[in-house]
Amino acid sequence: MLRPAKAATRTSEAEFHAAPGAVEQVRYGCALGALLSVIAIPNAVPITHCGPGCAQKQFHALSGISGYQGGEFHVPSTNIGNREVIFGGADRLDELIDATLKVMEADLFVVQTGCIPGLVGDDVENVVARWRRRGAPLVFAETTGYRGNNFTGHEIIAKAIVDQFVGPSTAPKRARRVNVWSALPYQNPFWRGDLGELKRLLEGIGLEVAILFGPASDGVAEWKRIPEAAFNLVVSPWLGLGIARHLERSYDQPFLHLPRLPIGARATRAFLAQVAAFAGIEARVVEDFAAREEREHWLYLRDFSAFYSGCTSQYRLPSQVIVAGESAYALAVAGFMVEQLGLSPGAIVLTENPPESARDGIRAAFRNLAEGVDAEVVFAQDGPTVHRLIRDHDRHGEYPIVFGSTWEAGLAREIGAPLVEIGYPATDEVVLSRSHVGWRGALTLVEHVYTTVVRASTLG
Amino acid sequence: MLRPAKAATRTSEAEFHAAPGAVEQVRYGCALGALLSVIAIPNAVPITHCGPGCAQKQFHALSGISGYQGGEFHVPSTNIGNREVIFGGADRLDELIDATLKVMEADLFVVQTGCIPGLVGDDVENVVARWRRRGAPLVFAETTGYRGNNFTGHEIIAKAIVDQFVGPSTAPKRARRVNVWSALPYQNPFWRGDLGELKRLLEGIGLEVAILFGPASDGVAEWKRIPEAAFNLVVSPWLGLGIARHLERSYDQPFLHLPRLPIGARATRAFLAQVAAFAGIEARVVEDFAAREEREHWLYLRDFSAFYSGCTSQYRLPSQVIVAGESAYALAVAGFMVEQLGLSPGAIVLTENPPESARDGIRAAFRNLAEGVDAEVVFAQDGPTVHRLIRDHDRHGEYPIVFGSTWEAGLAREIGAPLVEIGYPATDEVVLSRSHVGWRGALTLVEHVYTTVVRASTLG
Amino acid sequence: MAINLRTVEAETREQRLGTITQWDGSASQLAADSVATHGCGHARPGGRRLCETASPFSQASMCAEHIAVTNATIIRDSVVIQHSPIGCAASQSFTARYARDLAERRGWKPEDPHSVCSNLGEQDMVFGGVDRLAAAIREAFERHAPRVIFVATSCATGIIGDDVDGTARALEDELGIPVVTLHCEGFKSKHWSNGWDVIEHGILRKLVDRAPAKTDPDLLNVIHLGGPDVFTPLVAPLGLRVNLVMGGNTLERLAELSSAAATVTMCFVLSYLATGLEQEYGVPEIRAPLPYGLDATDAWLRDIARVTGREDRVEAVIAAERARIAPELATLREKLKGKKGFVAAGAAFAHGLIADLRELGVEVDGTFSFHHDPMTDSRDPRQDSLGHLIDTTGDVPNFTVSPDQHFQAHAALKRANPDFIVTRHTGAMASLAARMGIPVLPIFYSNDGLAYDGLLTIGRAILRTLPKKRFYADVAAHSSFPYSPAWLAETNPYAAPPERVRAEEPAC
Amino acid sequence: MAINLRTVEAETREQRLGTITQWDGSASQLAADSVATHGCGHARPGGRRLCETASPFSQASMCAEHIAVTNATIIRDSVVIQHSPIGCAASQSFTARYARDLAERRGWKPEDPHSVCSNLGEQDMVFGGVDRLAAAIREAFERHAPRVIFVATSCATGIIGDDVDGTARALEDELGIPVVTLHCEGFKSKHWSNGWDVIEHGILRKLVDRAPAKTDPDLLNVIHLGGPDVFTPLVAPLGLRVNLVMGGNTLERLAELSSAAATVTMCFVLSYLATGLEQEYGVPEIRAPLPYGLDATDAWLRDIARVTGREDRVEAVIAAERARIAPELATLREKLKGKKGFVAAGAAFAHGLIADLRELGVEVDGTFSFHHDPMTDSRDPRQDSLGHLIDTTGDVPNFTVSPDQHFQAHAALKRANPDFIVTRHTGAMASLAARMGIPVLPIFYSNDGLAYDGLLTIGRAILRTLPKKRFYADVAAHSSFPYSPAWLAETNPYAAPPERVRAEEPAC
């Protein structure tokens, strides 16, 4: 029987440090913001032990101002007041949990703490443990706001669920089953559609896929079956690696780390080929699947080449890709634009404050985006700093295009570039199921990018 | 053995009349423009016998200025000059066909005439017949520019291929096979993706689908198998009905006419239910398929309801749908906006100059868009007339949104409405595989419409 | 109790006004109890001590910091320092969106406003964050050359006890511009509306011209939440100019507050500033009931005319306005006949919207008020907006006070079963109603329902909203809430959490 | 042969200039043959009678009506009547797009230009369409209050013989504004560039001020195809103002043409107007070779200076310009070293682009010219742009003349195998090259390559284009052309169509 490694309610695998200096134009949430990762699991509900505005701010920002995704916000909260600050809030939490189990219905509740309990010293672990002993489907994740951001909080939550809810397992492994760890829900406005398409692609080569978050997931039931997977697949430059390592220790599950979320034919073929090799699936299976998918794909790109080559050539089609965003989508989008559309990499600023230990790996992932084409990346969180880095980067003779957030609107105008919003905050896109992953997603991205380019000229 | 009914190289089922009066802001091509319907059939190539600019103008307009679709334009043409006008062009056409069969490779060539041969009296039918007797895969379609538009030309071409290429058939009918007649290729910027999704939906209830045009079609081979279908399905208010009637006469194939291209859950369920009933497929099959498709669909709309109800309520979400466009897409889009999103119908102007005989049927299709909600439609081709009809329609207290063409840009600004381009000419959209059909297409349309709405405010 | 501008912190609403956030019953009972307890409305029979209800269940709500910071951020030429861990600054994104939208409505240049998070980490919790704060203030000054800097506290800095005021004073001296502290720790009050008091306290203390050269007899202060200027068309015929404050206005406008002829508030939730202006600078506060509905609007205009000495002109204005809107108002009443509405909004604003709906002929028997203030800072009974509502339009049988508690709103809406809902603070309420199949009219700009035109604006908006039932009903039919079946059936917002038999739970 | 403004129709290019559209060989041979046949360039050895090639295969091309109507439509305050069946008016959509883009580049208000199709049907073919035409003209006048109306003919009206000029004259009298006929039936010429002559003929006849009060010694007519004004920065230092015509300018600019000090054309394809202005109004036409490449630009500026009497200033301008661009030019040459380009454009413009590429150090051994004009209307040998190109930069071994024939371009590109292609009239050429895996630099605004800055503009554009090889190569690898294998292998654009064995064909 396999057991989870050490309890992991509190620390992320990768150690977090608040970035030095003040931050303007904030681009991520605090660790409590990972409550959106709980909401992203169908049939899971977070219970927050924090101040009155904390949970709502995180939710409203990351679900509302990130493509207006909306979502399930019925979050129980202690809304900590003066009394709890002075006398401690553990009793109030206990009362709330009791009431929650009566008023609400879910397969899993994740108790998350904010800044205040950390400062006043509530023993939340003990409160939650008592309920768990009584059989309530409750776990505790310490997501103290000043100790991490929503990225590290996401890992904390996943590990808490694994350790406290999934638990030890005797289930046999299923040879073709995989757990996928990729987009950070809500932070990335396209996570729902992308995870859905990632699942479809992996199923296309014969895998049984636990996608774990979003509409394409079976929800809590899927989490329960995590130990059954033959392996974990991390599709992100660094996020999820901590979880995969934890699962490797807990369930002796190996993992495959592919930093680049695949967009377009080359990346998707390479991605599936690597997964297939790792999973022991024949190359022919990938080839057959790719051939079926690509028939229409290339017909569309064949026809698009008329526009791209200039049949309506008054448009200044971009030649240099500038990105300000989290490393995962920056890599995916810059990779596609460079590798498949033949743009040159410009300033690429990664904004999620990834742990220091992950940065070399991230830098490496941006090398050889296309054969012989490297992108140099820089890390920055503060808006004016991000913009200075972009402004100061060479773009002589280029037509730049900016992939970024709403914060880049003024900058893009300043350098005469169209802006495509790909990350939080994103106020100019309403996103439902749109995906950029794989062959189909690449076409969607092409449509979107060049519609933006065209409008920059036609609606000017 | 079944034989085609009378030869149909020349007349459309529905008689065409050039609209009275001059036309500004032209919204369709001439009959020769149906060369795009030939190009839309994989492995078919048109051969045009017309003046030097005719074919290129039609192609550039309908493929380029209609979402920048691009496409295969290698069209052989006699580029009629002075000599042919004076001495007749039949010999030149004969020479061109001979050269074409040497230089080009296709499964089917459709010889189309423009205005000049009609006026100078070239006996094209005879030229083509000679080549057909020698076994060349050639048909002749008289698409004289002053005798019709690209809608009627489309029907002429389809019938010409049926009569002269598909021909008599002894093949047995396949109980689940259907030929689909719907969007006019290229005129509708979304025809490729929409036909693909229509095919997927129909396959979803167990049909074998000949979609006949576009990337999802098997091309000429699929046309050859037209007689094998158990029935024809016309998904359009009127276009294709002439073809279906012709096929009924030719191959004793019944047809089902469903005017509304389905967008959204209600329309798609109703559509599939009607097809299933006609095809003798059990209602349960539709129900099962719909249930599978709808699980994620409603999760997305559930989450979208946060935006729609005003979680970021500074946006003036539209309340009245105004359309200027061809009847098929006007019906599909207005139907969805009224039935599923709860807008009220405003001015709806249908612009493709449909035959008089079809107009009552079109009017009827716009009744009961949602329960008890009728839309009154008007017909007009000329831009300023279209705009006057919209301007004069009551919109007191409403927030209008306009679905139309690029010609509506100024009008939309004038009445303070966002504009969504859904028909030719469309210069503000780059379209590849995007589809609005069915459940998935509805989500795409919602994303697109509300992104447009949001941007009308954020980018103002 | 007078407003005390000598302290850096505004007293909370609970302390000053007896504000409650949880209650359920009839509006008339609530009004009577408020008067009985706090004595600031028209006495009415049956009043007893106001007893705040409680529920062991509660859901995530808003905080005062959010209101204070948002409204400081959108002041022109300002920078706000959020002295907090990064999470509090999540609001920057929606504040920027709001500022851009405001700019569009007011014809201002759309620009991102400036707010900076001092970005406190674990080390700062241990060793204190004032150095980071000082650095952030200096950096903000360098970058944006603001004319004022606000420093907002957070729960974390409140608990660790950073000397924010000391730092602010030091930097004020160093930089030569006002550095205004906003004490807005979320845990300090049960209700977010304290955020208004906090920013208004700051304005009164530091941004109002403390020694105005003279009073401008034609200048009328209008304190609103933000949005389109619906006031100028209304009072310009009286020869008044509007000094519209809050909602993103300039420092000049704030300075001018003390030299105006009078102050009106668009909502008594904002009356802290109005009362402070009267107390400190003698600018009279208009005490007439808020201008929701025809008669109230008439009276409000007359009171403004009286206070500013323009009685000679006001009757003509009233007559003209009434005549202008009469035809469409009649049409709207006809079309809205038989409809039932539900209002969810904050206190006096909710009372105003109910008056509007009733003036339009819409039935209202249920309301959800995010808080209840038994009195206003002026303590003038004329500002008893709930009492005024009941007196002029009748009781509201089901009147729920709750700070956007989703589960309680579910019960209240199930009880009311309205044809539509009008709501502000739409985060939870709008999406809840939508999911229940109820058409939603969200109010973002709270001036929409004001005065004569407000009736038309709201009436048209309802007509736009009703057909959307088709969308909401379909979504409702295809989605569910994570509440227990027992709670889903509940119609009493303050019912006790239903006991459940959990077969799977072990006995221990 | 002088330009004849007394006739309503312009003579075709074939008649006036001996224009050919089909030929293949070396550029030097073509230049020599042109001189030998038409006698208007520098005589060079080996010339023989210019013999137009032919191919039995041909593909859909452009027509003169398109050019004439487009350029009439974009003239400000005009309406164009396309007297035709509806199909000819398909171009309205791209003309509107073009007009909006022009407006953006020139800083004009973006507006849809006005063109109206008389929309002829079968009945009109039988009974004539002049009534429809007259009605269309009146309607256009009512709607748009234009200051000029153009009436463009079509193949159909040309064949049925509608009296377009009579109708135009009658309506001109009735409406009191010029009604200018444009005789541009597509079948009347083998090449679309006649459309330029047609519109220029109309301008010369009806829109130029026929009796200018005086000559403006500082005004330089610049006739261009449309697009950004790259001329003013170039000649302003000489004290010249630019009267930029064609490409959407105003009627005032057209009227002024006759009072300018001189005329330059951006491309000799446009020289009909320049020659006409010299012939009719004595406005001298600058005859120097076009300003492509450093030396040619120097010479062009000197010639302008000479004709307008500003020799004293020109050398300083030249020196300054050369110095300004030198550093970047050196960088571009370095980066482009070893690259091979291919040019596809119309006649003199193609020659200019080749000069640019060679000045940038790019190899050019193949070119696709959409037509070839053995001489210009001035008959001045200095305007022999092909001869000038060869003399100054060397021969082009493979020089194909063909009106955007896709199948021939395929062969020519296969023969050249370039690293990139520069092309105008991108409808067929750009997508062809793309599909062959060749990076495409489309030229929409033909001023891009002009003069000193043109070298930088083109150089930068090539550098932007080259990495897109990655896109084009992938598309090429995954798509095919509907040509026979034999033709796909062909590298001679004028090879005879390959004979095929068609097994499936019956013997009869």
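It should be emphasised that the depicted structure is a prediction, and the values quoted were computed from it without experimental measurement.

**So, the overall build of chain A**
Logical step 1: Of regular secondary structure, chain A possesses 17 helices and 13 strands.
Logical step 2: Oriented by its inertia axes, the alpha-carbon framework of chain A measures out at about 70 × 50 × 35 Å.
Logical step 3: Here chain A holds 460 residues, and the buried ones make up 73% of them.
Logical step 4: Across chain A, the fraction of contacts at a sequence separation of at least 24, relative to all contacts at a separation of at least 6, is 76%.
Logical step 5: When the accessible area of chain A is evaluated, it comes to approximately 12,800 Å², of which 48% is carbon and sulfur surface.

**A word on the packing of aromatic side chains**
Residue and element names in this part refer to chain A.
Logical step 1: In this structure the tally under the stated criterion is 61 aromatic pairs over all chains.
Logical step 2: Between Phe190 and Tyr329 the ring centres are 5.8 Å apart and the planes differ by 15°, which places this aromatic pair in the stacked class. Note that Phe190 is positioned in the loop between β5 (174-181) and α8 (191-204) and Tyr329 in helix α13 (residues 327-339), a separation of 139 residues in sequence.
Logical step 3: By relative accessible area, which is 2% here, Tyr329 ends up buried.

**Focus: the interface of chain C and chain A**
Size of an interface, as often reported, equals the accessible area lost when the parts are brought together.
Logical step 1: Chain C puts 66 residues into the contact, and the matching count from chain A is 65 residues.
Logical step 2: Summed over both sides, the interface of chain C with chain A buries roughly 5,200 Å², with 58% coming from carbon and sulfur.
Logical step 3: Of all residues in chain C, Ile86, Phe187 and Pro482 of chain C give up the largest surface area on contact with chain A, accounting jointly for 12% of the area buried on that side.
Logical step 4: Linking chain C with chain A are 6 salt bridges.
Logical step 5: Salt-bridge contacts for Lys102 of chain A lead to Glu499 of chain C; the nearest nitrogen and oxygen are separated by 2.8 Å.
Logical step 6: Along the contact surface separating chain C from chain A lie 34 residue pairs in polar contact (both at pLDDT 80 or more).
Logical step 7: Those elements that provide at least two residues to the side of chain C that touches chain A are α3 (64-73), α4 (91-106), β3 (114-117), α5 (122-127), α6 (130-144), α7 (155-160), α17 (406-416) and α21 (485-489) of chain C.
Logical step 8: Residue classes in the side of chain C that touches chain A are distributed as 32 nonpolar, 20 polar and 14 charged.

**Observations concerning unusual backbone geometry**
Logical step 1: The omega angle of the peptide bond from Tyr424 of chain A to Pro425 of chain A is -10°, so this bond is cis rather than trans.
Logical step 2: Along the chain, Pro425 of chain A turns up in the loop between β13 (419-421) and α17 (438-458).
Logical step 3: Positive phi values are uncommon outside glycine, yet Tyr68 of chain B reaches one of about 55°.
Logical step 4: Tracing the backbone shows Tyr68 of chain B in the loop between α2 (54-64) and α3 (82-87).

**Focus on the interface of chain B and chain A**
Logical step 1: Between chain B and chain A, the contact holds 43 residues from the first and 43 residues from the second.
Logical step 2: When the two sides are added together, the surface that chain B and chain A hide from each other amounts to roughly 3,700 Å², 54% of it contributed by carbon and sulfur.
Logical step 3: When the buried surface of chain B facing chain A is broken down by residue, Tyr300, Leu432 and Glu447 of chain B rank first, second and third, together holding 19% of it.
Logical step 4: Seen at the junction of chain B and chain A, the total is 8 salt bridges.
Logical step 5: The residue Arg192 of chain A makes a salt bridge to Asp303 of chain B at a minimum N-O spacing of 3.5 Å.

**Brief notes about the relation of the copies chain B and chain A**
Logical step 1: The operation relating chain B to chain A is a screw motion whose rotation component is 180°, with 0.0 Å of axial translation and a residual RMSD of 0.0 Å. A rotation of that kind, with that shift, is consistent with a two-fold axis.

**Thoughts on the pattern of salt bridges**
Logical step 1: A full pass over the atoms with the stated rule returns 140 salt bridges over all chains.
Logical step 2: Asp377 of chain C is the partner of Arg16 of chain C in a salt bridge, and the nearest nitrogen-oxygen pair spans 2.9 Å. Of the two residues, Arg16 of chain C sits in helix α1 (residues 13-17) while Asp377 of chain C sits in the loop between β10 (363-369) and α16 (385-393), which places them 361 residues apart along the sequence.
Logical step 3: One connected set of salt bridges, linked through shared partners, spans Glu72 and Arg192 of chain A, Arg302 and Asp303 of chain B together with Arg435 of chain C.

**What about the domain arrangement of chain A?**
Residues and elements named next belong to chain A.
Logical step 1: Domain assignment breaks chain A into domain 1 (13-20 + 303-459), domain 2 (31-148) and domain 3 (174-279).
Logical step 2: Listed by partner, the interface residues are 8 residues for domain 1 and 9 residues for domain 2.
Logical step 3: Of the roughly 740 Å² buried between domain 1 and domain 2, counting both surfaces, carbon and sulfur atoms make up 63%.
Logical step 4: Put simply, domain 1 and domain 2 have 0 salt bridges between them.
Logical step 5: Linking domain 1 with domain 2 are 4 residue pairs in polar contact (both at pLDDT 80 or more).
Logical step 6: Of the residues belonging to the side of domain 1 that touches domain 2, the class tally is 6 nonpolar, 1 polar and 1 charged.

Reading the values: rules and limits
- Residues numbered from 1 in each chain as written.
- Chains lettered and ligands numbered in written order.
- Predicted model: local features only at pLDDT ≥ 70, side-chain atom pairs only at ≥ 80, totals over all residues.
- Heavy atoms only, no water.
- Helix = DSSP H or I, 4+ residues; strand = E, 2+ residues; numbered from the N terminus.
- Buried < 20%, exposed > 50% of the residue type's maximum accessible area, 1.4 Å probe, protein only.
- Contact = heavy atoms within 4.5 Å.
- Areas by Shrake-Rupley, 256 points an atom, 1.4 Å probe, with all protein chains shown as cover.
- Phe/Tyr/Trp six-rings, centres within 6.5 Å; stacked < 30°, edge-to-face > 60°.
- Buried area = accessible area lost by both parts, 1.4 Å probe.
- Salt bridge = Lys/Arg side-chain N within 4 Å of Asp/Glu carboxyl O.
- Polar contact = N/O pair within 3.5 Å; in protein donor to acceptor, adjacent residues only side chain to side chain.
- Nonpolar A, V, L, I, M, F, W, Y, C, P; charged D, E, K, R; others polar.
- Least-squares fit on C-alpha atoms with pLDDT ≥ 70 in both.
- Domains from an automatic or database assignment.

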